[in-house]
Amino acid sequence: MAHPSIQELTVHVTNKLSSKMLIVHCRSGDDDLGAHCVEIGAEFRWSFKSNAMATTLFWCSLAVEDKRLSFVAYGDEVPYFFEHWSVYDGGLYGKDIRTGGERFMGAWRRIWLP
């Protein structure tokens, strides 16, 4: 695989929930991409180039009603190759760019809301 700094990368987070709006908030050490409301079937995506030291890291927080999920969306040193993330009622799945297969990556956790 070519060094990430040579090519532009695009990360996709797709709302595949059955009936809910998804709130996605992604950031890196340098960039806060802000919170975005993603309709069912739509996606939030962003493009970037890795830094010269290959230390780029983006993480995202997802929210649906009283459920939350956080994950590393892209990292130069992360041992998986996902640029496409799908959010389902049952949790988060990543699509491996090498095989095209989806893999379960995390479950929702409930938070207490007064």
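Going by the structure above, here's the rest.
The text that follows walks through the structure, step by step, so that each part is easy to find. (Residues numbered from 1 in each chain as written. Predicted model: local features only at pLDDT ≥ 70, side-chain atom pairs only at ≥ 80, totals over all residues. Heavy atoms only, no water.)

## Here's the deal with the overall build of the protein
Part 1: Helix and strand counts for the protein stand at 0 helices and 10 strands.
Part 2: Secondary structure elements of the protein, listed N to C terminal, follow the sequence β-β-β-β-β-β-β-β-β-β.
Part 3: Its C-alpha atoms give the protein a radius of gyration of 14 Å, within 12% of the compact-globule value 13 Å for 114 residues.
Part 4: Overall, the C-alpha framework of the protein stretches about 45 × 30 × 20 Å when taken along its three principal axes.
Part 5: Going through the 114 residues of the protein one by one, you find that 37% of them count as buried.
Part 6: A separation of at least 24 residues holds for 49% of the contacts in the protein among residues at least 6 apart in sequence. (Helix = DSSP H or I, 4+ residues; strand = E, 2+ residues; numbered from the N terminus. Rg over C-alpha atoms; globule rule 2.2 N^0.38 Å. Buried < 20%, exposed > 50% of the residue type's maximum accessible area, 1.4 Å probe, protein only. Contact = heavy atoms within 4.5 Å.)

## A few points about the nonpolar core
Part 1: Of all hydrophobic cores here, the largest spans 24 residues; its most connected members are Leu22, Trp46, Leu62 and Phe71.
Part 2: Counting only elements with at least two residues in this core, the list comes to strand S1 (9-15), strand S2 (22-28), strand S4 (43-48), strand S5 (57-64), strand S6 (67-75) and strand S7 (82-88).
Part 3: The residues contacting Trp46, other than those within four sequence positions of it, are Leu9, Thr10, Val11, Val13, Cys26, Leu33, Phe58, Cys60 and Ala73. (Core = buried A, V, L, I, M, F, W, Y, C linked by side-chain atoms within 4.5 Å.)

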